[in-house]
Amino acid sequence: MSEDLSQDAVDLSYLNSILLDKMRLKRQPVAISFCQDGPPEGYESVRVPACAIVHLAEQGRRIYVDRGNHDCWVGQYHLGFLPDPDSFISDGAYLTMAQGFFTEEGARRNKQQSYSLPGDSIQALAAAPLPDVPAGTPVDLLICICNAQQAMQIAGAASVRSGEFPHGELGPSACSSMFAAPWHLDNSVFTPGDGGGRGFNKVASGELFVAIPRRHFRYIIELIENFRIDPHKMREVIMPSHAPDYEN
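None of these values were measured; they are calculated from a predicted model.

Caption draft 1: View of the nonpolar core. With 38 residues, the main nonpolar core has Ile32, Ile53, Leu125, Met178 and Phe179 as its most contacted residues. Looking at this core element by element, the count peaks at five residues for helix H10 (residues 174-185). With near-sequence residues (within four places) excluded, Leu125 lies in contact with Ile32, Ser33, Phe34, Ala50, Ile53, Ile63, Tyr64, Val65, Leu79 and Phe179. One finds Ala126, Ala155, Phe217 and Ile221 within the second-largest nonpolar core, a separate group that totals 30 residues.

Caption draft 2: Local environment of the pairing of strand E8 (residues 207-213). In terms of burial, E8 is largely enclosed, as six of its seven residues are buried. Taken together, the seven bridges between strand E5 (residues 141-147) and E8 define a ladder with antiparallel strand orientation. Paired with Leu141 across the two strands is Pro213, which belongs to E8. Bridge analysis of strand E7 (residues 189-191) against E8 gives three bridges, and the strand direction is antiparallel. Paired with Val189 across the two strands is Ala211, which belongs to E8.

Caption draft 3: Summary view of helix H7 (residues 104-112). Along H7, the positions that sit buried rather than exposed are Ala107, Asn110 and Lys111. An end-on view of H7 places all buried positions within 90° of arc, on one side of the element. Check the buried side of H7 and you find it contacts helix H4 (73-78), helix H5 (87-90) and helix H6 (94-97).

Caption draft 4: Fine view of the pattern of salt bridges. Within this structure, the stated rule accounts for 12 salt bridges. Residue Glu207 pairs with Arg27 through a salt bridge whose shortest N-O separation is 3.1 Å. On the criterion of sequence distance, the pair formed by Glu207 in strand E8 and Arg27 in the loop between helix H2 (12-22) and strand E1 (30-35) is long-range, its members being 180 residues apart. A salt bridge links Arg214 to Asp140; the nearest nitrogen and oxygen atoms lie 3.4 Å apart. You can see Arg214 sitting in the loop between E8 and helix H12 (217-225) and its partner Asp140 sitting in the loop between strand E4 (124-129) and E5, a full 74 residues away along the chain. Side by side, Arg214 and Asp140 carry an identical accessibility label, which is buried. A single salt-bridge network, built from bridges that share partners, covers Arg27, Glu58 and Glu207.

Conventions we followed
- Residues numbered from 1 in each chain as written.
- Predicted model: local features only at pLDDT ≥ 70, side-chain atom pairs only at ≥ 80, totals over all residues.
- Heavy atoms only, no water.
- Core = buried A, V, L, I, M, F, W, Y, C linked by side-chain atoms within 4.5 Å.
- Buried < 20%, exposed > 50% of the residue type's maximum accessible area, 1.4 Å probe, protein only.
- Helix = DSSP H or I, 4+ residues; strand = E, 2+ residues; numbered from the N terminus.
- Contact = heavy atoms within 4.5 Å.
- Pairing = 2+ DSSP bridges.
- Arc of directions from axis to C-beta.
- Salt bridge = Lys/Arg side-chain N within 4 Å of Asp/Glu carboxyl O.

Don't take any of this as a statement about function, it's just geometry.
What follows is the structure, given as C-alpha cells:
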C-alpha cells in the first residue's frame, strides 16, 4: 500500500457524502485500517470473523480484530496472524470437510491462488464508518457493499482517471479478496465474496463487495465532480448511423 499520506489525503466526510448522496449507496461505506502497532484508540475489540467487521462498522461501531480475538482460522491465515498455519487451512483441506462440492485439488489450488498478508505484517485490523474515523488514524481501504452498477463506477473510478483497471475476484475467501488482495495489488478490487463473507455481512443477491485503496479515493471524487454524459454526442462519434454525414 502507498505510504504517502499527504498526497493521498481526502476529506473522508466529503467522500462519504459523495457515495451516499450522489452515488446513492444504501449501505454505509466503511474505512479499514491495517494496524502495524496495535489497534487505534477508541476502537473496541470484537470476537468475530474478519469479514464480519464490515457489517459491524456499517452499524456505527469502531471495532477491530487481532490474533487473540479473531474468530476464524481462515481469516487469521489470510491476515497473516498464523505464523505456522496448519496444512488443513493453507492447503484448503477444510474446504472438503463440510462441503461436498470441493475436490481436494480444487481446494488446494483455491488457497494457492488466494492472497494473504505477510506474516505479522499487521497487529490488528480495524474498521469504522467512513465519516467517523478519529483524527490521526490512517485509513488504508474503503469498503462498500453495493449493487453492480455502483460497483462498476466505484471500482472503475481509477480506470477513467488514471487508466488503471480494477481487479475482479471470484473464488477466494472474502477476507482474502477484501483485505489481502488490495494490499498486494495496491489496486481496487470487486468481488462477490464467498458464502461465509456474504452471510456475515448480510449481502443481498444483487450486491458486491468493493475494496478501494487509499490512493484511489480521490478518483471517486473526481469521477463524480466531472460526471457528464451526452448520449447524442456519444452516438454521433461512435455509431456510423448517427454521424451527421451518414447516408442510408
